[in-house]
Amino acid sequence: MRISVIGCGYLGAVHASAMAELGHEVVGIDIDAHRVAELAAGRPPFFEPGLPEILTSATASGRLRFSTDMADAAGAEVHFVAVGTPQSPGTDAADLRYVDAAFEALLPHLAEGALVVGKSTVPVGTAARLAARVAQVAPSASVAWNPEFLREGFAVKDTIEPDRLVYGVGDDHAASVLDLVYRAAIEAGTPRIVTDYATAELVKVAANAFLATKISFINAMAEIAEVSGADVTQLADAIGHDARIGRRFLNAGVGFGGGCLPKDIRAFAARAEELGRGDSVGFLREVDAINLRRRQRVVDLAVDALGGSVNERKIAVLGVSFKPDSDDVRDSPALDVAVQLKGLGARVVATDPQGIENARLRHPQLEYSASTRETLLDAELVVLVTEWPEYCALDPAEAGGLVSGRRIIDGRNVLDPRAWRATGWSYLGLGRP
Ligand code: UGA
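Residue positions are counted from 1 within each chain, in the order its sequence is given. Only residues with pLDDT of at least 70 are given local features in this predicted model, and only at 80 or more are side-chain atom pairs given and counted; all residues enter the totals for whole chains, interfaces and linings. Heavy atoms throughout the structure, all of them, feed into the side-chain values; hydrogens and water do not.

Caption draft 1: Up close: the overall build of the protein. When its secondary structure is counted, the protein shows 18 helices and 14 strands. Our radius of gyration is a C-alpha quantity, and the globule rule it is checked against amounts to 2.2 Å times the number of residues to the power 0.38. A compact globule built from 433 residues would reach a C-alpha radius of gyration of about 22 Å, and the protein, at 23 Å, matches this within 12%. Residue exposure (1.4 Å probe, protein chains only): buried if accessible area is under 20% of the type maximum, exposed if over 50%, otherwise partly exposed. For the protein, with 433 residues in total, the buried portion stands at 53%. Should any heavy atoms of two residues lie within 4.5 Å, those residues are considered in contact. Of the contacts formed within the protein by residues at least 6 apart in sequence, a portion of 72% connects residues at least 24 apart. For the area figures, the Shrake-Rupley method with a 1.4 Å probe applies, and any residue is considered shielded solely by the protein chains shown. Total accessible area on the protein is roughly 18200 Å²; 54% of this is exposed by carbon and sulfur atoms. In the protein, 43 side chains carry a positive charge and 57 a negative one; their mean positions are 3 Å apart. Helical segments are the DSSP runs of H or I of at least four residues, strand segments are the runs of E of at least two, and each set is numbered from the N terminus. Charged residues are defined narrowly, with Lys and Arg counted positive, Asp and Glu counted negative, and His plus the chain ends left uncounted. Each charge is placed at NZ for Lys, CZ for Arg, CG for Asp and CD for Glu.

Caption draft 2: Quick peek at the environment of L11. Residue position: L11 is located in helix α1 (residues 10-21). On the accessibility criterion, L11 (18% relative accessible area) is buried. Spatially, the C-alpha atoms of L11 and G229 are 42 Å apart, while their sequence positions differ by 218 residues. Residue contacts for L11: discarding those within four places in its chain leaves A82, K119, E148 and L150.

Caption draft 3: Spotlight on the sheet that holds strand β10 (residues 347-351). One bridge is not enough; two strands pair if DSSP finds at least two bridges between them. In space, the six strands of this open sheet follow the order β11-β10-β9-β12-β13-β14, with parallel pairing throughout. Lying at the two open borders of the sheet, with one neighbouring strand each, are β11 (367-368) and β14 (426-429). Note that strand β13 (residues 407-410) and β14 share four bridges and pair parallel. Looking at β14, one finds that I409 is bridged to L428.

Caption draft 4: Geometry of the sheet that holds strand β6 (residues 142-145). Reading across from one edge, β3-β2-β1-β4-β5-β6-β7-β8 is the order of the eight strands in this open sheet, with mixed pairing throughout. Strands at the two margins of the open sheet, each flanked by one partner only, are β3 (64-67) and β8 (192-195). Along the sheet, successive strands turn relative to each other by an average axial angle of 25°, direction set aside. Fitted lines through C-alpha atoms give the axes, limited to the stretch in contact for helices. The angle between two N-to-C directions lies from 0 to 180 degrees. α1 rests against β1 (2-6), β2 (25-29), β3 and β4 (78-81) of the sheet, and its axis sits at about 170° to β1.

Caption draft 5: Geometry of the domain arrangement of the protein. By domain assignment, the protein separates into domain 1 (2-195) and domain 2 (229-433). As annotated, the domain borders come from an automatic or database domain assignment. Distance between the C-alpha centres of domain 1 and domain 2: 33 Å. In this assembly, 16 residues from domain 1 lie in contact with 18 residues from domain 2. Here the buried area means the combined drop in accessible surface, using a 1.4 Å probe, for two parts upon being joined, counting both sides. For the pair domain 1 and domain 2, the summed buried surface comes to about 1400 Å²; carbon and sulfur atoms form 50% of the total. Three residues stand out in domain 1 for area buried against domain 2, namely F47, D92 and E152, and they jointly supply 46% of the buried area on that side. We count a salt bridge whenever a side-chain nitrogen from Lys or Arg sits within 4 Å of a carboxyl oxygen from Asp or Glu. Scanning the region where domain 1 abuts domain 2 turns up two salt bridges. Notably, a salt bridge pairs E152 with R330, separated by 3.3 Å at the nearest N-O pair. Looking at side-chain class alone, the side of domain 1 that touches domain 2 contains eight nonpolar, five polar and three charged residues. Gly falls in the polar group here, along with every residue not listed as nonpolar (Ala, Val, Leu, Ile, Met, Phe, Trp, Tyr, Cys, Pro) or charged (Asp, Glu, Lys, Arg).

Caption draft 6: Highlighting the pairing of strand β9 (residues 314-318). Burial within β9 is extensive, with five of its five residues counted as buried. Side chains of β9 alternate between two faces, with K314, A316 and L318 and I315 and V317 buried alike. Orient the strands so they point away from the viewer; a crossover is then right-handed if the path from the first strand over the helix to the second runs clockwise. Traced from β9 through helix α13 (residues 333-343) to β10, the parallel crossover comes out right-handed. Bridge count for β9 against strand β12 (residues 381-384) is four bridges, and the pairing is parallel. Pairing of L318 across the sheet is with L384, part of β12.

Caption draft 7: Representation of the packing of aromatic side chains within the structure. By convention, a stacked pair of Phe, Tyr or Trp rings (six-membered ring in the case of Trp) has centres within 6.5 Å and planes under 30 degrees apart, an edge-to-face pair has planes over 60 apart, and any other such pair is tilted. All told, the structure shown has five aromatic pairs when counted by the stated rule. A centroid spacing of 4.9 Å and a plane angle of 70° characterise the contact between W420 and W425, whose relative ring orientation is edge-to-face. Among the aromatic residues, those joined into a ring-pair cluster are F80, Y167 and Y182. Across from the ring centre of F154, 4.3 Å away, lies the NZ or CZ of R151, which sits over that ring. Against the face of F149 rests R164, its NZ or CZ located 3.5 Å from the ring centre. Should the NZ of a Lys or the CZ of an Arg lie within 6 Å of a ring centre and within 35 degrees of the ring normal, that charge is described as sitting over the ring.

Caption draft 8: Expanded view of the site of the ligand. Residues are classed as near a molecule or strand on a simple rule: at least one heavy atom within 4 Å of it. What surrounds the ligand is a group of 21 residues, the closest being L150, E152, K204, N208 and C260. At 2.7 Å from an oxygen atom of the ligand is found a main-chain nitrogen or oxygen belonging to L150. In protein, a polar contact requires one atom able to donate a hydrogen and another able to accept it; more generally it is a pair of N or O atoms within 3.5 Å, and residues adjacent in sequence count only if both atoms are side-chain atoms. Contact distances for the ligand include 2.7 Å between an oxygen atom and a side-chain N or O atom of K204. Breaking the shell around the ligand down by element, the ones donating at least two residues are α9 (197-228) and α11 (261-274). Of the residues in the shell around the ligand, the class split is 10 nonpolar, four polar and seven charged. For the shell around the ligand, the two domains that each supply at least three residues are domain 1 (2-195) and domain 2 (229-433).

Caption draft 9: Region of interest: helix α5 (residues 126-137). The span you would expect from a helix comes to 1.5 Å times its residue count less one. Across its 12 residues, α5 extends 17 Å between first and last C-alpha, which sits within 8% of the 16 Å expected from 1.5 Å per residue. Among the residues making up α5, those that are buried are T126, A127, L130, A131 and V134. Along the axis of α5, the buried residues cluster in a sector spanning 125°; they form a single face. Arc definition: it is the arc formed by the directions from the helix axis to the C-beta atoms.

Caption draft 10: Up close: the pattern of salt bridges. This model, assessed by the stated rule, comprises 32 salt bridges. Measuring nitrogen to oxygen at the nearest pair gives 2.9 Å for the salt bridge that ties R277 to D279. For R277, a relative accessible area of 48% puts it in the partly exposed group. With a closest N to O distance of 3.8 Å, R347 and E367 form a salt bridge. With R347 in strand β10 and E367 in strand β11, the pair connects residues that are 20 residues apart, well separated along the chain. We classify R347 as partly exposed; its relative accessible area is 42%. According to the relative accessible area criterion, E367 is partly exposed, its value standing at 38%. Within this structure, E223, E226, R293, R294 and R297 form a network of salt bridges that share partners.

Structure, rendered in structure tokens:
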């Protein structure tokens with residue numbers, strides 16, 4: 001099929017490449033000329049395992065092009081809108097200006113019978129509003145909302161082999177067009193759920209709200225474990241064996257971050273308030289508060305570990321990205337901890353296998369090192385805040401030979417406390433005795 005993807009950020013660049021990989025003829029449109037040039041040259045503007053390979057093969061095959069000119073989207077049968085919906089400055093609501101602008105810019109180029117498919121995460125009610133606008137200007141075109149559930153770090157696989165497809169549609173025709181787009185996944189037996197617009201929009205935010213709640217639930221248990229001497233990691237293992245609960249997303253630690261979960265739960269709460277049902281998801285405010293408290297907890301532990309002040313003390317921070325296999329530092333708990341410690345006067349040196357460049361753009365005041373060894377050298381305290389495999393595999397004896405004080409805070413509960421303590425380290429986890 002001939003497809004356009006409007007917005008070539010995280011979601012759009014992966015979606016465009018994956019659609020071309022599946023055999024469609026795709027044009028990716030973005031207003032950022034630098035981004036378009038990089039993508040056209042086969043270089044993704046962010047770190048995502050597997051993306052460079054499919055981007056290169058799809059551009060080489062001629063099935064994937066990129067452009068800054070919306071007119072290049074004109075011939076497509078299906079247009080995916082994958083622009084960002086960040087948190088609005090000063091409020092919790094989603095900022096819809098990019099979605100609205102993308103629809104407006106696309107309208108004059110819609111071919112007879114084209115389908116416009118929203119992929120961006122939007123407040124419930126947005127799709128119906130945009131469908132009405134499309135109907136005004138291009139009556140033969142239709143609108144669908146097709147939320148995306150990809151995880152950073154697994155984005156390519158999640159797009160090519162999704163665990164479910166959700167189509168929010170206004171008519172049956174839209175669903176049959178989407179079936180052609182996703183033929184490979186459908187033939188492989190991927191569950192497909194066809195809904196109205198509102199349900200599809202809510203599926204997306206409900207999924208992220210549930211995941212965030214699960215993480216904050218276990219972090220709340222970590223807080224109780226901290227005042228009662230229990231071990232939250234064992235608690236998670238034990239309750240996780242109940243298949244109704246499940247062990248995934250029950251890792252207590254410094255909490256969730258990234259470009260999705262934090263802003264999505266805030267936007268959901270804000271939208272529910274607009275609809276007069278703020279009370280229904282009032283717990284999401286608590287989920288957010290618990291999550292942010294865990295960052296503070298790590299900072300407090302650091303101050304305590306250094307005897308009441310971190311001023312002028314060297315602290316090694318392992319990790320700045322919001323999770324491993326990503327260079328994304330948006331709302332990253334790891335980077336937030338580093339910044340707070342720096343604000344308290346510590347000599348923070350932060351490292352990360354992929355995230356340093358992005359972190360430096362946001363927080364140039366921090367000192368960064370690409371080398372774990374150099375980061376650890378002469379540190380009086382080590383704070384592990386992103387569980388990259390290389391940090392999980394650190395050897396306590398070897399690391400102990402580099403630092404000047406054997407103190408470690410395991411902000412992701414990924415190290416073996418016994419092994420670290422056995423080599424003379426003072427080990428502090430979150431919600432672990
Ligand atoms: C999340 C959802 O998992 C995706 O399904 C969704 O499509 C995406 O948001 C989105 O809306 O675009 P992502 O932001 O890539 O994906 O990251 P997750 O893997 O969900 O992790 C989010 C955060 O939770 C990370 O900071 C991670 O470290 C933290 N986390 C995760 C925990 O603290 N504990 C856990 O047990 C699991």
